[in-house]
Amino acid sequence: MSLMKIGVIGAGTMGNGIAQVCAAAGLPVTMIDVNEAAVERGLKTIAGSLDRLVKKGALELAGREAVLARIKGSTDYAQLANADLVIEAATENHELKIRILKQIDAIVPAGAIIASNTSSISITELAAATSRPAQFIGMHFFNPVPVMALLEVIRGLQTSDQTHARALEFATLINKIAITARNSPGFVVNRILCPMINEAIFVLQEGLASAQDIDAGMKLGCNHPIGPLALADMIGLDTMLSVMEVFYKGFNDPKYRPAPLLREMVAAGMLGRKSGRGFYPY
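Residues numbered from 1 in each chain as written. Predicted model: local features only at pLDDT ≥ 70, side-chain atom pairs only at ≥ 80, totals over all residues. Heavy atoms only, no water.

Looking at an unreviewed UniProt entry, one finds the protein named 3-hydroxybutyryl-CoA dehydrogenase and attributed to Solimonas aquatica. The record in UniProt for the protein states the following under Sequence similarities (unreviewed entry): "Belongs to the 3-hydroxyacyl-CoA dehydrogenase family." (UniProt positions renumbered as here; feature names shortened; annotations may be inferred.)

Visitor: An account of the pattern of salt bridges is requested, with residue identities and associated values reported.
Guide: A side chain of one charge can pair with a side chain of the opposite charge if their charged atoms are brought near each other. Taken as a whole and judged by the stated rule, the model has eight salt bridges. The partner of R132 in a salt bridge is D105, with the nearest N and O atoms 2.7 Å apart. Taken together, the residues span a long stretch of sequence, with R132 in the loop between α5 (123-128) and β6 (136-141) and D105 in helix α4 (residues 94-107) at a distance of 27 residues. Of the two residues, R132 and D105, both sit in the buried class. A salt bridge links R263 to E245, with the nearest nitrogen and oxygen atoms 2.7 Å apart. Taken together, the residues R263 in helix α11 (residues 260-267) and E245 in helix α10 (residues 237-251) connect sequence positions 18 residues apart. In this structure R263 comes out as partly exposed when scored by relative accessible area, which is 37%. The structure contains a network of salt bridges with shared partners spanning D51, R64 and E65. (Salt bridge = Lys/Arg side-chain N within 4 Å of Asp/Glu carboxyl O. Helix = DSSP H or I, 4+ residues; strand = E, 2+ residues; numbered from the N terminus. Buried < 20%, exposed > 50% of the residue type's maximum accessible area, 1.4 Å probe, protein only.)

Visitor: Kindly report on the nonpolar core, identifying the contributing residues and their values.
Guide: Formed by 31 residues in total, the largest nonpolar core has its most connected members in I6, I87, M139, F141 and F170. Residues in contact with I87, not counting those within four places in the same chain, are I6, G7, V8, I9, I18, A115, N117, M139, F141 and F170. I201, L241, F247 and M265 belong to the second largest nonpolar core, which has 24 residues in total. (Core = buried A, V, L, I, M, F, W, Y, C linked by side-chain atoms within 4.5 Å. Contact = heavy atoms within 4.5 Å.)

This is how it looks when you write it as structure tokens:
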């Protein structure tokens with residue numbers, strides 16, 4: 001396996017999760033963020049996650065220490081000079097990602113792969129911002145990264161077969177199951193999931209059933225572990241609205257129009273769990 005030294009940009013929820021699974025698979029990881037405080041928070045989160053595994057008996061104490069020893073936190077992009085793969089996991093902001101990717105591109109070796117953990121921005125467009133579009137690919141992890149088995153691998157228009165093959169190897173190495181998608185708004189999972197949630201909001205808006213009955217129906221009738229409205233609250237209604245607007249604009253198709261109730265709730269600040277109120281109180 002040629003992918004041995006991993007860089008992760010972003011020490012937040014997704015970034016520290018990605019760093020943890022890479023280190024747990026035996027790979028040395030450099031996790032970078034804008035300041036030392038952010039890096040320290042990321043390292044502390046990883047340590048807490050590993051502590052929970054130790055308490056459950058799923059990890060030995062020596063294993064915890066070994067995982068932590070493989071992760072180096074930094075604010076210096078120069079630490080990526082020997083990386084084989086760098087995964088950008090910054091906030092879902094187009095301009096920010098472009099700026100970060102240009103910084104990565106200027107430092108990593110010629111043979112290195114650059115990946116983005118974006119859930120909505122065009123992989124083809126991000127790849128074009130680098131000098132190595134053939135070595136650029138989407139790697140969409142799911143939250144919480146240490147728990148969720150899936151890795152969406154997204155090929156941009158320019159992604160080479162070799163880069164794709166190496167990405168699939170990497171997924172196996174970190175014990176994820178990969179599915180491959182072409183570049184398109186929402187890729188595979190969110191393309192299916194978000195319109196389903198949006199339709200559940202339409203059903204609620206039209207008064208066909210209560211939030212509780214909609215969620216119970218989908219859990220009991222479709223064997224979903226969580227109902228679509230409760231899931232929307234977990235994701236964040238502002239995030240849901242943003243995704244649906246990307247679909248609406250990207251496909252120019254009215255079937256992706258965000259539900260008016262979704263827009264109204266976001267305008268009211270009812271964003272779900274993070275605001276204390278969404279379709280349910282928290």
